[in-house]
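Chains, contacts and geometry: an overview
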Amino acid sequence: MQVTTLEWVITGLVILGLFVFDFFAHVRTPHEPTFKESGFWSAVYITLALLFGLVVAWKWGGTYAGEYYAGFVTEKALSVDNLFIFLIIMSTFAVPRIYQQKVLLIGIVLALVMRGVFIAVGAAAINAFSWVFYLFGAFLIYTAVNLLRESGHEVEHEERRDSRIVALAKRVLPTTDQYDGDKLVTRIDGKRVVTPLLLALLAIGFADLLFALDSIPAIYGLTEQPYLVFTANAFALMGLRQLYFLIGGLLDRLVYLSYGLSAILAFIGVKLVLHALHENTLPFINGGEHVNVPEISTVLSLSVIIGILVIATVASLLKTRRTTSS
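Just so we're clear, the structure is a prediction, and the values are computed from it rather than from any experiment.

Some words on helix H5 (residues 132–150)
Over its 19 residues, H5 extends 27 Å from the first C-alpha to the last, a length consistent with the 27 Å expected when each residue adds 1.5 Å. Within the span of H5, buried status applies to Val 132, Phe 133, Tyr 134, Phe 136, Gly 137, Leu 140, Thr 143, Ala 144 and Leu 147.

Some details on helix H3 (residues 62–92)
Turn by turn, an α-helix covers 3.6 residues, leaving residues three or four places apart pointing in a common direction. For H3, spanning 31 residues, the distance from its first C-alpha to its last is 45 Å, which sits close to the expected 45 Å at 1.5 Å a residue. In terms of burial, H3 is a largely internal element, 23 of the 31 residues being buried. Once H3 finishes, Ala 94 follows within two positions and takes phi at roughly 50 degrees, a positive value.

A closer look at the packing of aromatic side chains
By the definition in use, this model includes 14 aromatic pairs. Each ring, one from Phe 23 and one from Phe 24, has its centre 5.2 Å from the other, and the planes form 85 degrees; the classification is edge-to-face. Taken together, the ring pairs connect Trp 8, Phe 52, Trp 60, Tyr 68, Tyr 69, Phe 72, Tyr 227, Phe 230 and Phe 235 into an aromatic cluster.

Examining the confidence of the model for the protein chain
Residues at a pLDDT of 70 or more form 93% of the protein chain, whose mean pLDDT is 82. The secondary-structure element of the protein chain with the lowest mean pLDDT is helix H6 (residues 154–172), recorded at 68, while helix H8 (residues 226–237) shows the highest, at 90.

Thoughts on a nonpolar patch on the surface
Taken together, the side chains of Val 9, Leu 13, Leu 16, Val 20, Phe 23 and Phe 24 present a nonpolar region at the surface, about 550 Å² in accessible area. With respect to the helices and strands, the residue Val 20 is situated in helix H1 (residues 5–27).

Some details on the packing of H1 against H8
The N-to-C vectors of H1 and H8 enclose an angle of 10 degrees; their axes lie 12 Å apart at closest approach. When the axes of H1 and H8 are compared, the pair comes out roughly parallel. Each of Glu 7, Trp 8, Thr 11 and Ile 15 in H1 lies in contact with H8, whose residues at this interface are Pro 226, Tyr 227, Phe 230, Thr 231 and Ala 234. In terms of residue class, the contact of H1 with H8 is built from 6 nonpolar, 2 polar and 1 charged.

A few points about the environment of Val 166
In this structure, Val 166 sits in helix H6. Its relative accessible area of 18% is what places Val 166 among the buried residues. C-alpha separation for the pair Val 166 and Phe 93, spaced 73 residues apart in sequence, amounts to 9.8 Å.

Digging into the pairing of strand S2 (residues 191–194)
Across 4 bridges, strand S1 (residues 185–188) lies against S2 in antiparallel orientation. Among the inter-strand pairings, Val 185 is bridged to a residue of S2, identified as Val 194. As consecutive antiparallel partners, S1 and S2 are separated by 2 residues, and within that stretch Asp 189 has a phi angle of approximately 55 degrees, a positive value.

A word on the pattern of salt bridges
All told, the structure shown has 3 salt bridges when counted by the stated rule. Across the salt bridge formed by Lys 59 and Glu 7, the nearest N and O atoms sit 3.2 Å from each other. Note that Lys 59 is positioned in helix H2 (residues 35–60) and Glu 7 in helix H1, a separation of 52 residues in sequence. Here Lys 59 falls in the partly exposed class, since its relative accessible area comes to 42%. For Glu 7, a relative accessible area of 17% translates into the label buried.

Some remarks on the side chain of Ser 42
Relative to the helices and strands, Ser 42 resides in helix H2. You can call Ser 42 buried: its relative accessible area is 5%. Not counting the four nearest positions on each side in its chain, Ser 42 is found in contact with Gly 239, Gln 242, Leu 243 and Leu 246.

A word on the packing of H5 against helix H7 (residues 196–220)
H7 packs onto H5 with a crossing angle of 125 degrees between their chain directions and a minimal axis gap of 9 Å. Taken together, the axes of H5 and H7 lie oblique to each other. By crossing handedness, the relation of H5 to H7 is classed as left-handed. Contacts between H5 and H7 involve Phe 133, Phe 136, Phe 139, Leu 140 and Thr 143 from the former and Leu 213, Asp 214, Pro 217, Ala 218 and Tyr 220 from the latter. Among the residues forming the contact of H5 with H7, the class breakdown is 8 nonpolar, 1 polar and 1 charged.

Basis of the calculations
- Sequence order sets the numbering: in each chain, residues are counted from 1 along the sequence as written.
- Totals for whole chains, interfaces and linings use every residue, but because this is a predicted model, local features are given only for residues with pLDDT of at least 70 and side-chain atom pairs only at 80 or more, for both listing and counting.
- By convention in this description, side-chain values take in all heavy atoms of the structure and omit both hydrogens and water.
- Helix numbers and strand numbers start at the N terminus; a helix is a DSSP run of H or I with at least 4 residues, a strand a run of E with at least 2.
- Helix span, as expected, comes to 1.5 Å for every residue beyond the first.
- We call a residue buried when its accessible area falls under 20% of the maximum for its residue type, exposed when it is over 50%, and partly exposed in between, using a 1.4 Å probe and counting protein chains only.
- Two aromatic rings, drawn from Phe, Tyr or Trp (for Trp, its six-membered ring), form a pair once their centres lie within 6.5 Å of each other, and the interplanar angle then sorts them: stacked below 30 degrees, edge-to-face above 60, tilted otherwise.
- Every residue carries a pLDDT, the predictor's confidence in it, which falls somewhere between 0 and 100.
- For patch detection, residues must exceed 30% relative accessible area and be free of salt bridges, and they are connected within 9 Å for like charges or within 5 Å for nonpolar side chains (Val, Leu, Ile, Met, Phe, Trp, Tyr).
- Only the protein chains shown count as cover for residues, with accessible areas throughout obtained via the Shrake-Rupley method and a probe of 1.4 Å.
- When a carboxyl oxygen of Asp or Glu lies within 4 Å of a side-chain nitrogen of Lys or Arg, that pair is called a salt bridge.
- In this analysis, axes come from line fits to C-alpha atoms, helices being fitted only over the stretch in contact, and the angle between any two N-to-C directions falls in the range 0 to 180 degrees.
- Each angle is binned into one of four classes, with values under 35 degrees roughly parallel, values over 145 roughly antiparallel, values of 65 to 115 roughly perpendicular, and all other values oblique.
- We call two residues in contact when some of their heavy atoms are within 4.5 Å.
- Asp, Glu, Lys and Arg are counted as charged, while Ala, Val, Leu, Ile, Met, Phe, Trp, Tyr, Cys and Pro are counted as nonpolar; the rest, among them Gly, fall into the polar class.
- Strands qualify as paired when DSSP identifies two bridges or more between them.
- Each crossing gets its hand from how the near helix is turned against the far one by less than a right angle, where anticlockwise is left-handed and clockwise is right-handed.

Spelled out as structure tokens, the structure:
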């Protein structure tokens, strides 16, 4: 897949333009989005993501479009799980609803920047060392096991992490417990102090860093093309702010989502290990020769990922409906 510098630049400018538009059109004036507003713009960004896949198919072929869609669906699913963590952070810092949009948008931009760095590092590592797929696969399987262990205890884990971040921030920065509109820094008695809004942003930024560690190896298990990795991540993050307000009240009903994501990460981890064996160059494995193992196709990957998400969602809704009715 050949992507010119001009195509990279145009793509970057379009994505940047969408974020700038989002800020000036929706975030600059603090307000709590209505359900209608959130639903409309969530649909707009998902439509743009799907249309971009058609552009990939037209320009580079159906195989790469399939890889993009598989990456987008995986990253979007992981992003929905991230929303639950964002909800905990907003609650922990008691961020007023009208100011949450600003924190979310800045956090999403930070997430895209950090993922861009990880994408570049990952691409360089893959080009230099084919055995890095062993590491990616093992890390994803390890992450899947950890996610399974923490399932049902996300609130406790996140609250402990947030308290450590706040304690560290208060040690090195002058802070206040009072909000001053949507300001990140304010003045009290002539002294500049950090507001809880900035502390919430720091917590979200740290969470974004941890999310990137999971998501980038996962999508490299579906495509080795940095351009597709970046665009799938960018489109998955776009509209995440609107999705937060759209399904915020439904997140606690997706009780089996973590199990589903754990299964997806484990599946991609196994896929990466199989790919690493197929491309093996390590001398202590099969004498440095390639291992004849089956590889999982993009079509099968996309089918498995969507199937797991559908099962997890339906099972969650059935479980919570039975609990509510009883």
